[in-house]
Amino acid sequence: MQTVFQKPEALTDVQMHYCPGCTHGIIHRLVAEAIDSLGIREQAIGVASVGCSVFAYDYFNCDMQQAAHGRAPAVATGIKRVRPDNIVFTYQGDGDLASIGMAEIVHAAARSENITVIFVNNAIYGMTSGQMAPTTLLGQKTATSPRGRTAEEMGYPIKMCELLATLEGPAYLTRVSTHDSRHVLQAGRAIKKAFEMQQQKKGFALVEVLSTCSVNWGMTPVDALKWVEQNMVPYYPLGVYKDVTAKEGN
Amino acid sequence: MPRGEVIINSELCKECSLCVAACPQDVLAIGKTINSKGYHAVEAVAPERCTGCTLCAVMCPDVVLTIKRRSPERK
């Protein structure tokens, strides 16, 4: 018997605080697996955000920094420019990246900063107990939209990949999901590619990962995955929105 | 002899059942014993059916599972 699956080295032994079935754990593991497979654990510097993933610095077994709410791309910019040989990534949720951090992410993308951004979109503010996020779907009930989000009152959910794809700067933009094992494996490949783009100095790379928040959505973890497939994927279509290496024919 | 083996670190399990839903062979089920966090940890109820496909571990958010697989026999 040979071991074919085990905890990646780039994760610490600390038990994660996430709720049962939270896909943050899966996405943490995918990032760690990408770091392991590229052999960049000694070079990697992660920037944790504010939100449920605030404790990411305890879980990744590489150098980590904590940024103020939404400011992870700005902090990562500073780290990368001072230490260009390190591999710098941010790990941000939708409340962090698409709301208070909208300015930072758009300008980091426009400058094509050579960083890797992992953007976890679960359509809600998880840490603060389920308020409406910029990415909350129309009709979705949250603590602050108890009758469901309406476009008239609260506007439309923001599609970050599509929005950033209008800029010249980004090198790689893709949206993946975690709602079944096939898509998790696909997400892992996209995250690895986003790190490779940075190694090749291609510029800004962002992977948007559709994720769950079963507790605040009010359903079981298994049902939450089905909800992602049935409700989020139709509004947030999966796919590659920009890839400069595709143009070069690599 | 089963083709695969699933090793469960019960203390890390949070009873989310994503691995149970992911297993195509129904090897796993939520068990009766409670871990120190108060969750019923997952158990391998039919280990003889395990093929070592790793799909349960791929879906586990807490890296509870380690998977071993029998190397293909060379003829």
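Parameters and conventions
- Residue indices begin from 1 for each chain and proceed along its sequence in written order.
- Whichever chain is written first is A, and whichever ligand is written first is 1; the rest continue in order.
- Restriction of local features to residues with pLDDT of at least 70 applies here, the model being predicted, together with a cutoff of 80 or more for giving and counting side-chain atom pairs; totals for whole chains, interfaces and linings are based on all residues.
- Helix numbers and strand numbers start at the N terminus; a helix is a DSSP run of H or I with at least 4 residues, a strand a run of E with at least 2.
- What the globule rule says is 2.2 Å times the number of residues to the power 0.38, and the radius of gyration is computed from C-alpha atoms.
- Burial is judged by counting the other C-beta atoms within 10 Å of a residue's own C-beta: 20 or more makes it buried, 12 or fewer makes it exposed, and any count in between marks it as partly exposed, with every C-beta position built from the backbone.
- Here, residue contact means that the backbone-derived C-beta atoms of the two residues sit within 7 Å.
- Lys, Arg, Asp and Glu make up the charged group, whereas Ala, Val, Leu, Ile, Met, Phe, Trp, Tyr, Cys and Pro make up the nonpolar group; the residues left over, Gly among them, are polar.
- DSSP calls a pair of strands paired once it identifies at least 2 bridges connecting them.
- Each residue after the first adds 1.5 Å to the expected span of a helix.
- What counts as an axis is a line fitted to C-alpha atoms, over the stretch in contact for a helix, and the angles between N-to-C directions run from 0 to 180 degrees.
- By convention the nonpolar core is taken to be a set of buried residues drawn from Ala, Val, Leu, Ile, Met, Phe, Trp, Tyr and Cys and joined through C-beta atoms within 7 Å.
- For classification purposes, an angle smaller than 35 degrees is called roughly parallel, one larger than 145 roughly antiparallel, one from 65 to 115 roughly perpendicular, and anything else oblique.
- Less than a right angle of anticlockwise turn of the near helix away from the far helix marks a crossing as left-handed, whereas a clockwise turn marks it as right-handed.
- Confidence of the prediction at every residue is given by pLDDT, a number between 0 and 100.

1. A look at the overall build of chain A
In terms of regular secondary structure, chain A is built from 11 helices and 8 strands. Computed over C-alpha atoms, the radius of gyration of chain A comes to 17 Å, within 12% of the 18 Å expected from 2.2 N^0.38 for 250 residues, which places it in the range of a compact globule. Considered along the principal axes of its C-alpha atoms, chain A spans approximately 50 × 50 × 35 Å. Here chain A holds 250 residues, and the buried ones make up 52% of them. The long-range share in chain A, meaning contacts at least 24 apart out of those at least 6 apart in sequence, stands at 67%.

2. Section: the interface of chain A and chain B
Each side of the interface is counted separately: chain A has 24 residues, and chain B has 24 residues. Those elements that place two or more of their residues in the side of chain A that touches chain B are strand 1 (2–5), helix 1 (24–38), helix 8 (181–199) and helix 10 (221–235) of chain A. Split into classes, the residues belonging to the side of chain A that touches chain B amount to 13 nonpolar, 9 polar and 2 charged. By the bridge criterion, 3 bridges tie strand 1 of chain A to strand 4 (residues 65–69) of chain B in an arrangement that is antiparallel. Its bridge partner lying in strand 4 of chain B, A:Phe5 is registered against B:Ile67.

3. Here's the deal with the environment of A:Pro237
The residue A:Pro237 is located in the loop between helix 10 and strand 8 (239–243) in this model. Judged by C-beta crowding, with 12 C-beta atoms within 10 Å, A:Pro237 ranks as exposed.

4. A word on helix 8 of chain A
All names here are of chain A. End to end, helix 8 covers 27 Å across 19 residues, agreeing with the expected 27 Å (1.5 Å per residue, within 8%). For helix 8, the complete set of buried residues consists of Ser181, Val184, Ala187, Gly188, Ala190, Ile191, Ala194, Phe195, Met197 and Gln198. Taken from the residues just after helix 8, lysine 201 is the one with a positive phi, measuring 55°.

5. Regarding the sheet that holds strand 1 (residues 4–8) of chain B
Sheets are built from strands paired through backbone hydrogen bonds, the pairs being either parallel or antiparallel. The strand order 1(A)-4(B)-1(B) describes an open sheet built from 3 strands, whose pairing is antiparallel. In the strand order of this sheet, the two ends are held by strand 1 of chain A together with strand 1 of chain B, each with one partner. On average, adjacent strands in this sheet sit at an angle of 35° to one another, irrespective of strand direction. Looking at chain direction, strand 1 of chain B and strand 4 of chain B are connected through 5 bridges and run antiparallel. Paired with B:Ile7 across the two strands is B:Thr66, which belongs to strand 4 of chain B.

6. Details of the nonpolar core
Of all hydrophobic cores here, the largest spans 99 residues; its most connected members are A:Ile118, A:Ile191, B:Cys19, B:Cys56 and B:Met59. Setting aside chain neighbours within four positions, we find A:Ile191 in contact with A:Leu30, A:Val31, A:Ala34, A:Ile118 and A:Val207.

7. Quick word on the pairing of strand 2 (residues 28–34) of chain B
Residues and elements named next belong to chain B. Judged from the 4 bridges that link them, strand 2 and strand 3 (residues 40–44) form a sheet pairing that is antiparallel. Bridge pairing in strand 3 links isoleucine 30 to valine 42. Joining the antiparallel neighbours strand 2 and strand 3 is a turn of 5 residues, in which glycine 38 adopts a positive phi near 95°.

8. Section: helix 1 of chain A
Residues spaced three or four apart along an α-helix point in a common direction, a consequence of the helix completing one turn every 3.6 residues. Residue and element names in this part refer to chain A. Here helix 1 contains 15 residues, and its C-alpha end-to-end distance of 21 Å stays within 8% of the 21 Å for a straight helix at 1.5 Å per residue. Extensive coverage of helix 1 is indicated by the burial of 11 of its 15 residues. Within helix 1, the full set of buried residues consists of His24, Gly25, Ile26, Ile27, His28, Arg29, Leu30, Val31, Ala32, Ala34 and Ile35. Looking one or two residues past helix 1, glycine 39 carries a phi angle of roughly 65°, positive in sign.

9. A few points about the packing of helix 1 of chain A against helix 8 of chain A
Residues and elements named next belong to chain A. One can describe the packing of helix 1 onto helix 8 by two numbers: an axis separation of 9 Å at closest approach and a directional angle of 50°. The angle between helix 1 and helix 8 falls in the class oblique. Regarding helix 1 and helix 8, the two cross each other, and that crossing is right-handed. Listed contacts from helix 8 to Ile26, Leu30, Val31, Glu33, Ala34, Ser37 and Leu38 of helix 1 are Val184, Ala187, Gly188, Ile191, Lys192, Phe195 and Glu196.

10. Topic: the confidence of the model for chain B
For chain B, per-residue confidence averages 94 on the pLDDT scale, and 96% of positions sit at 70 or higher. Per the prediction output, this complex has pTM 0.96; the corresponding ipTM is 0.94.

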